[in-house]
Amino acid sequence: MPGAQLTRTGILRMALGGGAGDPLLPAEGCGDRRAPFLLRALRIAVVVCLYWFTSIAMVFLNKYLLDSPSLRLDAPIFVTFFQCALTAALCLGLSLGAACGPPCPSLPALPLDAKVSCSVLPLSAVFIGMVTSNNLCLKHVGVAFYNVGRSLTTVFNVLLSYLLLKQSTSLYAILACGVIIGGFWLGVDQEGAEGTLSWTGIFFGILASLCVSLNAIYTKKVLPVVDGSIWRLTFYNNVNACILFFPLMMLLGEFHTLYHFDKLGDPSFWGMMTLGGVFGFAIGYVTGLQIKFTSPLTHNVSGTAKACAQTVLAVIYFEETKSFLWWTSNLMVLGGSFAYTWVKGLEMRKVQEDPNVKNSGRNETGV
């Protein structure tokens, strides 16, 4: 699911940057620079294509599950709950499989500890807000506008870094955020002009952007509770989410909706639900692969390019016609995101080359 993608992306970036390993990722030796250039280039191309395919396919599949006229299932919380439950089950299944086979220290056992679960609970609450708002945004806006609708994550990163972490941001990075904000509002204006604007979708898009930024901050705080293990954190986070989703589904009447859903016994429906959950689990793995074989900076650039391709594919697939200003808004968001990534990359390089500016250069939230 989209929210899961964002969560695992943030966790993996922080873990890989801080030395923690992901049990599903190749060891450091797998990215050996001594390998022939063509082999390394082919490996990187395959990994990037795999990331693009998994991410784009997941968004389109979730759009079908959340807002398909043929499916007519108005239960977004249940869709999110099912995918979280499947992610937790896959984590547990892989861990048990590793326990039965050769010893694998990077795949730890996953006993359910109530004390650890309670410690992870604040992050789980933010996680629920993130994945739910992401899915509700996707439900109410088109896939083509989805990237713009959730484009304020970078802006919230800068804002929360200053308010909560007391970290400053360079002028160039702030200017890049200004371009993103301008593209966002132009996109909202153009959606309104075309009669396709959903203020509900915009609200949840902004909320999703905020929750993604908060998720990075809380993840940093919670990782020590699980000994820095991404594996354990993903498991506990999704187990907690499943428990907390139950009262939400009751409050919103989704059990009643499911009772009257005419495709509840249809194997093809459950096949699509399972496929969505598998994609949601896989996106964390392929995100880690892309970071591992390239770099966090290249991953950000690849994600920006992927968002552009996703927008174009959505316009073509749904046979939509968009105005010049609508496309301009997308280009502003993508250009601002790329510029921010480029500026942060230059700042990080400067910090690495000049230890004297290291303390002043720490202004990342990890997203």
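Model, not experiment: these values are computed from the prediction.

**Comments concerning the UniProt feature "transmembrane region" (unreviewed entry) in the chain**
Here, UniProt's "transmembrane region" (unreviewed entry) annotation points to residues 41-65, 77-100, 112-131, 143-164, 171-188, 200-218, 230-249 and 269-289. Between the end C-alpha atoms of residues 171-188 the distance is 26 Å, and the span holds 100% helix and 0% strand. Helix makes up 100% of residues 200-218 and strand 0%. Its end C-alpha atoms lie 26 Å apart.

**Digging into the state of the cysteines**
Taken as a whole, this structure holds zero disulfides when the rule is applied. With no disulfide of its own, Cys-84 lies closest to Cys-242 among cysteine sulfurs, the gap being 5.5 Å. A residue is classified by how much of its surface remains accessible, and Cys-84, at 0% relative accessible area, is buried.

**Considering the packing of helix H4 (residues 114-140) against helix H8 (residues 199-222)**
Running from N to C, H4 and H8 cross one another at 155°; their axes reach a closest spacing of 8 Å. Here H4 lies roughly antiparallel to H8, going by the angle between them. Our pair here, H4 against H8, has a crossing hand that is left-handed. A per-class count over the contact of H4 with H8 returns 15 nonpolar, 10 polar and no charged.

**A word on the packing of helix H12 (residues 296-317) against helix H13 (residues 324-353)**
The N-to-C vectors of H12 and H13 enclose an angle of 170°; their axes lie 9 Å apart at closest approach. Comparing the axis directions of H12 and H13 gives the class roughly antiparallel. Along the contact surface, H12 presents Leu-297, Asn-300, Val-301, Thr-304, Ala-307, Cys-308, Thr-311, Val-312 and Val-315, while H13 presents Trp-326, Trp-327, Asn-330, Leu-334, Ser-337, Phe-338, Thr-341 and Gly-345.

What counts as what
Residues numbered from 1 in each chain as written. Predicted model: local features only at pLDDT ≥ 70, side-chain atom pairs only at ≥ 80, totals over all residues. Heavy atoms only, no water. UniProt positions renumbered as here; feature names shortened; annotations may be inferred. Helix = DSSP H or I, 4+ residues; strand = E, 2+ residues; numbered from the N terminus. Disulfide = S-S within 2.5 Å. Buried < 20%, exposed > 50% of the residue type's maximum accessible area, 1.4 Å probe, protein only. Axes fitted to C-alpha atoms, helices over the stretch in contact; angles between N-to-C directions. Parallel < 35°, antiparallel > 145°, perpendicular 65-115°, else oblique. Left-handed = near helix turned anticlockwise from the far one by under 90°. Nonpolar A, V, L, I, M, F, W, Y, C, P; charged D, E, K, R; others polar. Contact = heavy atoms within 4.5 Å.

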